[in-house]
Amino acid sequence: MYGYIVLLLLIYIYYIQFYRGSYTQIFNDDLIENGILKTGDLILFKAYNNFNSIFINSYFGHIGVVYIDTNDKTQTPMLFEANGIEHMPLKEHHNKNGIFLSPLYERISKYKGRCFYKQLNHSLSKQIVIDFREFIDYCMLNMKYNTHVFKSAIQKKLGLEKCNDNTNCGEIIFLSLIKLKLLPFEYYNKPVLNHLKWIC
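Procedures and definitions
- Residues numbered from 1 in each chain as written.
- Predicted model: local features only at pLDDT ≥ 70, side-chain atom pairs only at ≥ 80, totals over all residues.
- Heavy atoms only, no water.
- Axes fitted to C-alpha atoms, helices over the stretch in contact; angles between N-to-C directions.
- Helix = DSSP H or I, 4+ residues; strand = E, 2+ residues; numbered from the N terminus.
- Parallel < 35°, antiparallel > 145°, perpendicular 65-115°, else oblique.
- Left-handed = near helix turned anticlockwise from the far one by under 90°.
- Contact = heavy atoms within 4.5 Å.
- Buried < 20%, exposed > 50% of the residue type's maximum accessible area, 1.4 Å probe, protein only.
- Arc of directions from axis to C-beta.
- Pairing = 2+ DSSP bridges.
- Phe/Tyr/Trp six-rings, centres within 6.5 Å; stacked < 30°, edge-to-face > 60°.
- Lys NZ or Arg CZ within 6 Å of the ring centre and 35° of its normal.
- Salt bridge = Lys/Arg side-chain N within 4 Å of Asp/Glu carboxyl O.

> Help me understand the packing of helix α5 (residues 126–142) against helix α7 (residues 169–179) in this model?
What describes two packed helices is the angle between their axes and the distance between those same axes. Orientation of α5 relative to α7, taken along the N-to-C sense of each, is 150°, at an axis distance of 10 Å. Classified by the interaxial angle, the pair formed by α5 and α7 is roughly antiparallel. In terms of crossing hand, the pair formed by α5 and α7 is right-handed. Facing D131, F132, F135 and C139 of α5, the residues of α7 in contact are I172, L175, S176 and K179.

Written out as structure tokens, the structure is:
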């Protein structure tokens, strides 16, 4: 009996650690190509230095969304994300609440793991992108990373609370996709246990 349990556990760990689905790996060289990324594309992270995937039941342990300023002549891809700040040296573009908008090239360069992306099959209107920047600014001023991820997940699944100013990477991207009109607004009321896995 115990042998079957161990076997099932090993199969589960193998699946979580190695099955990524239909996502394309991204390298910094890819970012040199103009126009390969656009606002709304998702960037997914698989770390080498932790096993969080096993505990959150997802191959990917982190997620962010691409933002490109419509007025930026260089069209530099930025990554909008929520992340814990424990033991993290903060830079000028970081805030102490764990809500970041960083150059994607820099973020991928320093990441200890693999990065993947999921592209939109269409471009967003300029007004949607402008409105999204207002949302990003609001988040950076008012939201903070919630370190109690599991407690928050259970409360949201039970309908005891909805996504709010205490957030994590999956929840803030879930809200971002609603703001970008890539998900219906009605989804805000949807009880979700793991927003990261649900998005992926």
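> In this structure, what is going on with helix α6 (residues 149–157)? I would like to understand it.
Helical periodicity: at 3.6 residues per turn, an α-helix aligns residues three or four positions apart in one direction. Buried residues of α6: S152, A153 and K156, and no others. Along α6, the residues classed as buried sweep out an arc of 100° about the axis, all on the same side. Residues of α6 that are exposed and angled more than 90 degrees away from the buried face: F150 and K151. Where α6 is buried, its residues contact α7 and α8 (195–199).

> Where do I start with the environment of T24 in this structure?
Examined against the element boundaries, T24 turns out to sit in strand β1 (residues 24–25). Other than its neighbours up to four places away in sequence, T24 contacts C115, F116 and Y117.

> Can you help me understand the sheet that holds strand β2 (residues 42–47) in this one?
Strand pairs in the sheet, formed through backbone hydrogen bonds, run parallel or antiparallel to each other. Strand order in the open sheet formed by six strands is β1-β6-β2-β3-β4-β5, and the pairing between neighbours is antiparallel. At either margin of the open sheet sits one strand with a lone partner, and together these are β1 and β5 (99–103). Pairing between strand β3 (residues 62–67) and strand β4 (residues 78–82): three bridges, direction antiparallel. Bridged to V66 within β4 is L79. Relative to β3, α5 is tilted by about 130°, and along the sheet it contacts β3, β4 and β5.

> Help me understand unusual backbone geometry, please; the structure alone is not making it clear to me.
Trans is the prevailing form of peptide bonds, just as negative phi is the prevailing case for residues other than glycine. Located in the positive-phi region is Q75, a residue other than glycine, with phi close to 50°. Along the chain, Q75 falls in the loop between β3 and β4. Here Q75 falls in the partly exposed class, since its relative accessible area comes to 40%. Its identity is not glycine, yet K181 carries a phi of approximately 65°, on the positive side. Following the sequence through the fold, K181 ends up in the loop between α7 and α8. K181 sits in the exposed class, given a relative accessible area of 63%.

> What's the story with the pairing of β4 in this structure? I'm lost.
Sheet faces and side chains relate simply in a regular strand, where the side chains alternate between the two faces. Counting buried positions along β4 yields five of five residues, so the element is predominantly enclosed. Bridge count between β4 and β5: five bridges; the pairing is antiparallel. Bridging from a neighbouring strand, L79 pairs with S102 of β5.

> Can you help me understand the packing of aromatic side chains in this one?
Aromatic ring pairs: the centre-centre distance and the angle between the two ring planes describe each pair. This model, assessed by the stated rule, comprises nine aromatic pairs. A centroid spacing of 5.5 Å and a plane angle of 70° characterise the contact between F60 and F116, whose relative ring orientation is edge-to-face. Of this pair, F60 sits in the loop between α3 (52–56) and β3 while F116 sits in strand β6 (residues 113–118); the two residues are 56 residues apart in sequence, bridging distant segments of the chain. A residue is classified by how much of its surface remains accessible, and F116, at 0% relative accessible area, is buried. Consider the rings of F132 and F135, whose centres lie 6.1 Å apart with planes at 20°: the pair is stacked. Pair noted here: F132 and F135 are both in helix α5, with a separation of three residues, about one helical turn. Note on accessibility: F132 and F135 belong to one class, buried. The rings of Y67, F80, F132 and F135 are connected pair by pair, giving a single aromatic cluster. A cation over a ring is seen here: K190 above Y187, with NZ or CZ 5.8 Å from the ring centre.

> Quick question: what am I supposed to make of the pattern of salt bridges here?
Working definition: two side chains of opposite charge can pair if their charged atoms are close together. Across all of its chains, the model carries five salt bridges by this definition. Here E81 makes a salt bridge to R107, at a shortest N to O gap of 2.7 Å. Here the residue E81 occupies a position in strand β4, and R107 occupies one in helix α4 (residues 104–109), the gap between them amounting to 26 residues. In this structure, E81 and R107 share a single accessibility class: buried. With a closest N to O distance of 3.4 Å, E171 and K156 form a salt bridge. Taken together, the residues span a long stretch of sequence, with E171 in helix α7 and K156 in helix α6 at a distance of 15 residues. Each member of the pair E171 and K156 is classed as buried. In this structure, a network of salt bridges that share partners links the residues K156, E161 and E171.

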